[in-house]
Amino acid sequence: MSSDAVKKRKPKVIRNEEGTPETKRGRAEGEQVTGPHLIGQRKLITAKNQDVLVYHEEVELEGRDPQQDYLLYKDTCAALAKLMAEIQELKSSGAKVGSVEMEERRRQCSVHFITLKKLNRLAHMRLKKGRDQTHEAKQRVDVLHLQLQNLLYEVMHLQKEINKCLEFKSQHEEIELVSEEEFFQEAPAEISRPHVTRDDHHQLTLARLDWELEQRKRLAEQYKMSLARKEKIHKAIEQKREYLSSLQPGLQNIMQASLPVQECLSMPFEQMQKQAEVARHLPPPLYVLLVQAAAYGQACDKTLSASISGDVDEAKALSRPPEDSQDDESDSDAEEEQQNTKRRRATVGVQLDDKRKEMLRRHPLSLCVDLKCKDGSVLHLFFYYLMNLNILTVKTKVSTTTDLSGAVSAGSLLNSESLLNCLYASDHGQETPNPTNRYQFDKVGITTFADYVSDLGHPYVWVQKLGGLQFSSDGAQSELMGSALSASHMERTMKLLQGRLQARLALHKQFSSLEHSIIPVSGECQHLFPAKVVSGLTRWTMMSYQEFTELGFVQHVLKAGLLRETDLFFMAVVERGTARLLAAVVVNPRYPEVMPLFSLSLHWKGERSGRTEDNLRAMESEVNVFRAELQGPRPGFQLLTNQIQRLCVCLDVYLEMESQVCDGSEGPKEFPREKMCLRTARGPSRLKPFKYNHPQGFFSHR
């Protein structure tokens, strides 16, 4: 059969996968199936007098079993393979291409191919149907999930609203109402209503609020009356102020006319008035110090004087509040300056330097206190206040009536850097006593305040107390503050300052004599020594702390911790004949309250020290221990020279007694015995008699 004939016989077919409503209703009707080679189902529908065949594979798909289709697929594939094999055999046997057997098998193969195509379409339709069903199920799940989210959101919203209602606080809860007992006692019956409010908490709260409102209305009325009374008093004050201001010119004329009288009677009222006017701009610590110093001067020391120096205008500018408004000219200047600064940015180092300068800035006003001694010398104390650090510092200067430039070893005695060291024990004034400053220094890169002491002054603890400042780092805390704290330390501190100046001046004079190998011994102390002392001082020099620590015979003093870097160090050389005694002297800044410390080394027939020779150790104890004998008349400024003279006497005794023991030969001796002793030696260590007995004039053992 030709293909043209097949085309003529092929009916008109409309493919519709989805199908029409009429076809969907007819899918359940039974239709004849042509077996495994069925191509599709057809149904005749009359529409507009035309016969139309509609293709219904979807209806067929619903009634077919996938497992049967799978078996049909396998059988069709097997049959197709069998037919292909037969065609191959026929071709190999020499059969012609157009023979009946070949054409028959070709038709059968075509039918099987059509079946496979149908099965393929059905598989794709099943896959599409499964995907559609899965998509519909996912949509249903999404709808249910969305509904669940909406419900959860509504639940959360309702919970928030419930929490807001539970956490709601009314304004009346912030009002401090009177207690219930006081309310029922003071409130009138028409407000309190006890028969209702005692059993109903809500009505009780409302009643208490009504009573609070009533009380506030009364207080408001009283406030208005007080304001009116205040205005009246203010007007009266203004009238009196105007009257007093009108008196000021007349009083100034009177004060000007009384200046000669003030000078004659030594009563400088005008000067005191000017100083009081300037004192208003002092910072509180300096003001407290000024008041207490003036009070101490009037009560105890008439020679004490206090004066204020510095830039008063700058101090007024600091106390004046900053102005909010500025004129146009100042604004333009500020803008120009800002533009200039923007052109060149400051480096980090410059910024830190500026911050350090601002941190260590002084108050423009300072206080000068002058302490006068009986010999005419004056100790000038300059007190400064560091505003950002909240501490006081002090610098010193000494004025004397005599020239003190002769003694070389006394160069550091009156130095402002060390004059007031350790006025109180362990108060070196190198670090700030305010613990807050440590954190301020860390921000600007300051490691230690000691680097700035020479410029700013020493922040001694006693200076802070004189200004009424008390910090937690101070040892024993006291409950006194301000003026009371300053007054409690003023008298003792002033006496210590005067004593320190007198002690340093006395040392200065003694050092001048010692440098000329003269040991000055006053008449009050002559009885402490014999009439003839042969050994004499040959050299007196000053040493540094580093040089002192390098000496071998002072290592035991270093290990014992008996000296500090703030002490004064000297070397004294006492000689007699071939014997040479080296004495390393440590003078504490609190001299004469703390005795000078002597360490000895004798160069005679070898080198000896207090660590190796018992008699040298006894000589050290003679000059270091017996303070009561060597101090002399109070205040004991001759203690050092008496110690040196006692050292010379002990060296005479030691050399005379030791020479007699060591040299038993006849003839003249280097150190003839001139001291009278009861016993030349005592004990296994053969100690010499170093104690001088007056007025008998002999030496004995202690």
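Here we summarise the structure given alongside this text. (Residues numbered from 1 in each chain as written. Predicted model: local features only at pLDDT ≥ 70, side-chain atom pairs only at ≥ 80, totals over all residues. Heavy atoms only, no water.)

In a packed pair of helices, the relevant descriptors are the angle between the two axes and the axis-to-axis distance. The N-to-C vectors of helix H4 (residues 66-93) and helix H5 (residues 100-167) enclose an angle of 155 degrees; their axes lie 9 Å apart at closest approach. Regarding the angle of H4 to H5, the classification is roughly antiparallel. Crossing angle aside, the handedness with which H4 passes H5 is left-handed. A per-class count over the contact of H4 with H5 returns 16 nonpolar, 4 polar and 6 charged. (Axes fitted to C-alpha atoms, helices over the stretch in contact; angles between N-to-C directions. Helix = DSSP H or I, 4+ residues; strand = E, 2+ residues; numbered from the N terminus. Parallel < 35°, antiparallel > 145°, perpendicular 65-115°, else oblique. Left-handed = near helix turned anticlockwise from the far one by under 90°. Nonpolar A, V, L, I, M, F, W, Y, C, P; charged D, E, K, R; others polar.)

What follows deals with the sheet that holds strand S4 (residues 305-310). Two orientations exist for strands paired in a sheet by backbone hydrogen bonds: parallel and antiparallel. One open sheet holds the 4 strands; their spatial order is S4-S5-S6-S7, and the pairing between them is antiparallel. Either end of the sheet is taken by a strand with one partner, and the two such strands are S4 and strand S7 (391-399). Here the average twist between neighbouring strands, direction ignored, is 25 degrees. (Pairing = 2+ DSSP bridges.)

Take the pairing of strand S11 (residues 597-603) next. Counting buried positions along S11 yields 5 of 7 residues, so the element is predominantly enclosed. Bridge count for strand S10 (residues 579-587) against S11 is 7 bridges, and the pairing is antiparallel. Paired with Ala 583 across the strands is Leu 600, a residue of S11. In this antiparallel pair of consecutive strands, S11 and strand S12 (residues 607-609), the connection spans 3 residues, and Lys 605 shows a positive phi of 55 degrees. (Buried < 20%, exposed > 50% of the residue type's maximum accessible area, 1.4 Å probe, protein only.)

On to the sheet that holds strand S8 (residues 536-543). Taken together, 5 strands build an open sheet; the order of strands is S8-S9-S10-S11-S12 and the sheet is antiparallel. Each edge of the sheet is formed by a strand with only one pairing partner; in this case those strands are S8 and S12. Between one strand axis and the next, the sheet turns through 20 degrees on average, direction left out of account. Sheet topology places S8 next to strand S9 (residues 568-576); 7 bridges connect them, and they run antiparallel.

What follows deals with H4. In a regular helix each residue adds 1.5 Å, so 28 residues correspond to 40 Å; H4 covers 40 Å between its end C-alpha atoms and thus fits that length. On its buried face, H4 sits against H5. (Expected span 1.5 Å × (residues − 1). Contact = heavy atoms within 4.5 Å.)

Tallying each qualifying case throughout the model produces 29 salt bridges. Ionic pairing is found between Arg 106 and Glu 103, a salt bridge with its closest N-O pair at 3.0 Å. Taken as a pair, Arg 106 and Glu 103 lie in helix H5 at a separation of 3 residues, close to a single helical turn. With a relative accessible area of 26%, Glu 103 lands in the partly exposed category. For Lys 675, the salt bridge is made with Glu 656, and the minimal N-O distance between the two is 3.4 Å. Within this pair, whereas Lys 675 is found in the loop between helix H24 (639-662) and strand S13 (691-693), its partner Glu 656 is found in helix H24, the two being separated by 19 residues in sequence. Both residues of the pair, Lys 675 and Glu 656, belong to the buried class. One connected set of salt bridges, linked through shared partners, spans Glu 60, Arg 64, Asp 69, Lys 118 and Arg 126. (Salt bridge = Lys/Arg side-chain N within 4 Å of Asp/Glu carboxyl O.)

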